[in-house]
Structures are given as C-alpha cells and as structure tokens.
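A closer look at the structure
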Amino acid sequence: MCGIVGILGSQPVAHDLIDALRRLEYRGYDSAGIATVENGHLERRRAEGKLRNLEQRIGEDPLKGKTGIGHTRWATHGKPTETNAHPHMSEKVSVVHNGIIENFRSLREELTAKGHVFDSDTDTEAVVHLITEELSRADDPIEAVSEALQKLEGAFALGIVFAGHDDLMIAARRGSPLAIGHGDDAMYLGSDAIALAPFTNKITYLEEGDMAVLTRKGAEIFDAEGEKVERPAVISQASSLLVDKGNHRHFMAKEIHEQPEVISHTLSHYIDMAEGRVDYPDLGLDLSDLSRITISACGTAYYAGLVGKYWIEKYARVPVEIDVASELRYREAPLPKDGLALFISQSGETADTLAVLRYCKEQGQRIASIVNVRTSTIARESDVILPTLAGPEIGVASTKAFTCQLAALAGLTLLIGRARGTISPELEQELVQGLLEVPRHMAEVMADEAQYEKLAHDLSKARDVLYLGRGINYPLALEGALKLKEISYIHAEGYAAGELKHGPIALIDENVPVIVVAPSDDLHDKTVSNVQEVAARGGKIILISNGDEDSAGCELMAHIRVPDAHPFTNPLLYAVPIQLIAYHTAVQMGTDVDQPRNLAKSVTVE
Ligand code: G6P
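Right, let's walk through the structure included here. Computed from a prediction, not measured in an experiment: that's the story for all the values here.

Looking now at empty space enclosed by the protein. Scanning all chains against the criterion turns up one cavity of 30 Å³ or more. Considered as a void within the structure, the largest cavity measures approximately 100 Å³ in volume. Surrounding the largest cavity, 17 residues form its lining, Cys 2, Trp 74, Thr 76, His 97 and Gly 99 being those nearest its centre. Of all the secondary-structure elements, those providing two or more residues to the lining of the largest cavity are strand 6 (93-101) and helix 8 (259-270). Partitioned by chemical class, the residues of the lining of the largest cavity number four nonpolar, 11 polar and two charged. Of the residues that make up the lining of the largest cavity, three or more belong to each of domain 1 (3-245) and domain 2 (254-436).

Printed below as a string of structure tokens:
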C-alpha cells in the first residue's frame, strides 16, 4: 500500500509534500521519499521507516525545488530499505508509483540488455528506465510517457517529473486511485483528496486509463485511447472528513471501485513478488499433516469462507468443514485434535463468530482469523492474524472486504497446498501470476458501468430474482443474492445450479430474472444445461461469463462479459459484477444504499 503526492508550486515544495504525505501515512510507512526539480536537475531525499526520518533528513539537507513528487511506501517488491524507497530516478526522470507492474521482470531483462543499470529490487524502477529509454529516442516527456504506458501491464498510479522541465508533471492511473488538485497558479496530485486538503478542495478524479499532463496553469487529461477529455472538478469534503466518498455518490460505489487497489495491497502482504510465491506468517501448525480445517463466519464473510472451502479442498486436498457461526456455536460439533479453526470477519467483532472462536479454543483448536480490523476482539483472541488490507469499509453491504478475504484465502490455499505437496512450485508460480493479474482484470470489469445501469432499470421491476452458480460459483450466487436483497430489498435467492430442478424451477416464469454466474470452467457446460432449462420455461436470463453471448444457447436478457482469467481467480473477478448489479439496482430503487434498513455493519449481539 503506498501514497503518492505531487506539487507544482511557487515556493519550494518539500515542506508541503511532507505535509501531504503525513495524511497518506495510513497507506504505508516502510519508507518515504521526495524528489524535486532544482535548476533543471532532479534531486531526491529518501529515508527508511516513518516519515519523521525523511523530515529529519530534509531538515539537515534541504530540497529547494518548486516542482516535486513524494511517496510513502508499503513494501511490495523488495525489502523496506532506503535503496528500494521511492522516488526512483535516472538522470532524466523521477517516478513515484502505487500498485503492481506485473511485467516488471521481462521489462527489467529487456532494459538491462540495452545497458540500463538497476539499483533497486522494485518493480517501479522498470518504469523509470522505460521512460528514460523512450526519452533517448525522442526528447518529448509526454510522448515518452505515453509510449511507456503502453508497455506496462498491471494496475498502478504514477507521478512523474523530468529533469529540465520545471513546469511539468505527468500522472497516470490504471487501477489505483489518483486525484488532481487545482490551486492558484499551483497544481497538486495525490492518492486521495485527503492528502490535498490543506492546499485545495477543488479536485478532479482521474478515471481508469487516464494520463494527465500538469503545469502550474492546469491539467490536460487524455483517456486510455489518447483522446483529450474533460473531467469535472468537484468540491471535496475531505478536509472535514477522515473518510471521503471521492467523486462517488455512495461509499459502496467508492469501495467497489477501490478493489483493484486494495486487492493489490492484500496480495502483496502475502506474496513474495520477486519470487512469485506465497509468504505467510507461521501458523504454528504442521500444515503438511492437517486432518481438517473448520471455517466459521457470518453473512458475506461466510460466503468468502465457502469459496475458501472449494479452493482448499481442490488444490490443497484438506477436508474443510464450514458453517455459519450462529449454527456452529450451538451444534456441539466434535473437532479433530490439534485442528485448525479459521474465522473470517471484516469487523472482527461479530458476536456469533467470536463465540465459535472461543468454543474452538476450548476444544484445543489452533485459531487463525482473517480480519480487516487488526485491533478487534477476534484478532486479539486469535493465535494467528491474517489481515485483509481493505481499509475502512463504510457501506454496510460488504464489497471490498469480501474480495480481500478471498485474496487472503487464495494465498492460504497455496500455502497449505505447497506444504502438502499438492501444489508444485510450477503450479504455485502459475496461480500467483493469476492472482497478480486480478487487479487489472477487476478494473476492466468496472470499465463499462452503463450496462449495469441499463440492467438495473429492468431488474428493479422484478419481485423475485434467482442467482445460479455451480461449483466454486455457487458461493458467488449466494453472495449475489444476499447483496441484491440487502440493498435493493428485492427478494433474491442463490441456488446451486444443479439444485434448480429440485424445487426452485417451479418459480420460473417470464417475470423472474435468473442471473447465472458461468465462467468457462470445467463445469460450464453443465451450467449451460441448467440455463436452457430456465429458458425453456420462459425465464429471463442474465449471463455473467467470459464466453460469447451465444455460449448459453438461448436468448439472453443481458450478457455481462468478464475478461478471460486463470480459473483459480474467477471468484475474485465475478464478485465485481454481482456487486455492481446490486448497487445499480438499489440506486434505481432509491433505497439508502450505504445504510440499508434493519442492518448494521458490525453485529455485536447474538
Ligand atoms: C453484517 C454485515 C455484513 C457482514 C456480516 C459479518 O451482517 O451487514 O456485511 O458480512 O455482518 O460481519 P463481519 O464483520 O464479521 O465480517
């Protein structure tokens, strides 16, 4: 997790950059750094650890430039040392970066072969040398960055300054958030509006794929196709609020859109990027000899656990028992000696989940928990904490916490599979690579939001909606139905597609939309058969898949296309359309999206 800032000012900017970084320190504090353009040269100061170390360094050795960028780091690629601290730079260009450059290894090899010398272990340095290489071809920073961006794969936000260009900064956004602040004869860049609050509240949020060229006079923005576009400036409330909605109408929308970024953070907590393998805290158990794992949780967190069961059983070959906490706590379930009990909770305070945790402890289980709040009771009472790095989730209906829970469970699956020898080093690398591509794929899923608005218009007229999925898509069908009923108040049920004929098919008629989660996996054809059973009875089908529209073999009410991805990562990707369907339907219905009736974010009573 990292924070980015940039300032084009009329006075030396180092002090203000530090001030902005302080407001971003929640995004990481492994190291910090600043670079400014001074008399045409790039100068930088960096320091390991908290921002105060950098502040001290700059106090001793000031930076005088009036154009500068800054960064506070949450280490992903490379240890949290000064050498790996941002900004990274060559003689010509300096870069701050948040996110993951997926193809950094191949870029590094290519650029090294061309004579570039890398100083750090970071993925970011590949961006520096790539832009430097482009600049040596044509000395035009805008062209060089545009060319370089086309060669980058991954999800990222970048802030870039150039030697010899005192009135220029370039920003680019793909997957990770970036805001531009408008001042008087000054311009600002930040990972969020909160960072810029002391300087300006007039904010333009960059959209997916945008590149912005900033000078003191303003910003020119180009979209992913390189077309010049206008993005509105809004007045941010960030100065008075710790958590800001950005330019979203609801926290839920903001949290859905944060997913590419927070998934990167969560993955990078568990994955050694350089090695392409998972790296988890010691669970205090011999994972090669696990007889059973018991998972328990409530609501959306339970559905994350259900995905975990499919993953762990398939890839790590360990039996997994899972139950909602309100049931498991009273079932007096026998638990295996020295077993692992795993709890999943965003808040870490859910009363039923906590009660099961205590029961399992009494039964001699080792306790691990996947939590978003590290100081919570469930976290404190666990032997091992597996944090999700979703950041604060304000919308009552869980979105980003769910996918971060999936990210942590995916890593755990690989860890157990490796220990048990069911996942070879080659397969581990392949699955890790698949996970690293998730943030980019998620951003692609969100690109066409108009289709969800259109679909919501039709869904909002329905009284009942069915969600179907088979295999690992079954928990997603359950989560899709939960999301829809929670916030739109439309009655929705999730079913295992194969169960359709054992009852729910009686409900099908032309007034019941049926949403089918059907990626092209090994069960796809079976799901398609179920789709045809629905179509034959006049049901209206909404297909969420990576296949063609006609792959269902019948007429569709709508087709939501998801990018092709490694099948292992499908649950993370398919979570996004079901969230967007629920969100836009609720907006269409005019409900209180962030605080739906009768619900609470943290359920601390039984
Ligand atoms: C409530 C929330 C859900 C959440 C569930 C479990 O019902 O509305 O969004 O999934 O509690 O909460 P936890 O904090 O334990 O994940």
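Moving on: the environment of Val 128. Along the chain, Val 128 turns up in helix 4 (residues 124-137). When its relative accessible area of 0% is taken as the criterion, Val 128 is described as buried. Remark: the alpha-carbon pair of Val 128 and Ala 179, spanning 51 residues in sequence, is separated by 22 Å. With sequence-adjacent residues up to four places away left out, Val 128 is seen in contact with His 88, Met 89, Ser 90, Val 93 and Val 95.

It is worth spelling out the nonpolar core at this point. With 96 residues, the main nonpolar core has Ile 293, Trp 311, Leu 572 and Ile 581 as its most contacted residues. One finds Phe 118, Val 127, Leu 158 and Phe 162 within the second-largest nonpolar core, a separate group that totals 28 residues.

Bringing the packing of aromatic side chains into the picture now. Inspection of every chain in the model, using the stated rule, returns five aromatic pairs. Note on Tyr 270 and Tyr 280: the rings are 4.2 Å apart at their centroids and 20 degrees apart in plane angle, and the pair reads as stacked. Here the residue Tyr 270 occupies a position in helix 8, and Tyr 280 occupies one in the loop between strand 17 (277-278) and strand 18 (293-297), the gap between them amounting to 10 residues. Accessibility expressed as a relative area gives 10% for Tyr 280, which makes it buried. Geometrically, the ring pair formed by Tyr 302 and Tyr 303 is tilted, given 5.6 Å between the ring centres and 55 degrees between the ring planes.

All right, on to the sheet that holds strand 26 (residues 540-545) then. Spatially, five strands are ordered 24-23-25-26-27 in an open sheet, and the strand pairing comes out parallel. For this open sheet the edge positions go to strand 24 (491-496) and strand 27 (558-561), each flanked by a neighbour on one side alone. Sheet twist, expressed as the mean angle between neighbouring strand axes with direction ignored, is 15 degrees. Inspection of the sheet shows strand 26 paired to strand 27 by four bridges, in the parallel sense. By the bridge assignment for strand 27, Leu 543 is matched with His 559.

Moving on, we come to the pattern of salt bridges. It is possible for side chains of opposite charge to pair when their charged atoms get near one another. As enumerated under the stated definition, the model contains 27 salt bridges in all. With a shortest N-O distance of 2.9 Å, Arg 57 and Glu 82 are connected by a salt bridge. Placement of Arg 57 in helix 2 (residues 51-60) and of Glu 82 in the loop between strand 4 (67-73) and strand 5 (88-89) is noted, with a sequence separation of 25 residues between them. Given a relative accessible area of 32%, Arg 57 falls into the partly exposed group.

Contact geometry of helix 8 with helix 13 (residues 400-420) gives a least axis separation of 9 Å together with a crossing angle of 25 degrees. Looking at the two axes, helix 8 sits roughly parallel to helix 13. In this structure, the crossing between helix 8 and helix 13 has a hand that is right-handed. Between helix 8 and helix 13, the residues in contact are Gln 259, Val 262, Ile 263, Thr 266, Leu 267 and Tyr 270 and Lys 400, Thr 403, Cys 404, Ala 407 and Ala 408, respectively. Grouping the amino acids of the contact of helix 8 with helix 13 by side-chain chemistry returns seven nonpolar, three polar and one charged.

Think of two packed helices as two axes; the pair is described by the angle between the axes and how far apart they sit. Here helix 4 crosses helix 5 (residues 141-151) at 130 degrees, and the two axes come no closer than 8 Å. By the angle class used here, helix 4 and helix 5 are oblique. For the crossing formed where helix 4 meets helix 5, the hand is right-handed. The segment helix 4 lies against helix 5, with Leu 130, Ile 131, Glu 134, Leu 135 and Arg 137 engaging Pro 141, Ala 144, Val 145, Glu 147, Ala 148 and Lys 151. The class makeup of the residues in the contact of helix 4 with helix 5 is seven nonpolar, no polar and four charged.

Here is what the cut-offs are and how they apply
- Every chain begins its residue count from 1, and numbering advances along the sequence as written.
- Totals for whole chains, interfaces and linings use every residue, but because this is a predicted model, local features are given only for residues with pLDDT of at least 70 and side-chain atom pairs only at 80 or more, for both listing and counting.
- Only hydrogens and water are set aside; all other atoms, that is, all heavy atoms of the structure, feed into the side-chain values.
- The method works on a 1 Å grid over the protein atoms by themselves. A cavity is a set of points holding a 1.4 Å probe that cannot get out, a pocket is an open set with protein on both sides within 12 Å along at least five of seven lines, and residues with an atom within 4 Å of a point line them.
- Grid points are joined across faces, edges and corners, and a volume is the space filled by probe spheres set on the points.
- Each helix is a run of DSSP H or I of at least 4 residues and each strand a run of E of at least 2, with the numbering of both proceeding from the N terminus.
- When residue character is reported, Ala, Val, Leu, Ile, Met, Phe, Trp, Tyr, Cys and Pro are called nonpolar, Asp, Glu, Lys and Arg charged, and the others, Gly included, polar.
- Annotation comment: domain bounds sourced from an automatic or database domain assignment.
- Per-residue accessibility, obtained with a 1.4 Å probe over protein chains only, is compared with the maximum for each type, and a residue is labelled buried under 20%, exposed over 50%, and partly exposed between these values.
- Throughout, a contact is declared for two residues whenever any of their heavy atoms are within 4.5 Å.
- Side-chain atoms within 4.5 Å are what join buried Ala, Val, Leu, Ile, Met, Phe, Trp, Tyr and Cys residues into a set we call a nonpolar core.
- Centre distance within 6.5 Å is the pairing criterion for rings of Phe, Tyr and Trp, where only the six-membered ring of Trp is used; planes under 30 degrees apart are then read as stacked, over 60 as edge-to-face, and the remainder as tilted.
- In this scheme, strands are said to pair when DSSP sees at least two bridges between them.
- With axes taken as lines fitted to C-alpha atoms, and helix axes fitted only over the stretch in contact, angles between N-to-C directions fall between 0 and 180 degrees.
- By definition, a salt bridge exists where a carboxyl oxygen of Asp or Glu is found within 4 Å of a side-chain nitrogen of Lys or Arg.
- When an angle is under 35 degrees it counts as roughly parallel; over 145 it counts as roughly antiparallel; between 65 and 115 it counts as roughly perpendicular; any other value is oblique.
- Two helices crossing with the near one rotated counterclockwise from the far one by less than a right angle form a left-handed crossing, whereas a clockwise rotation gives a right-handed crossing.

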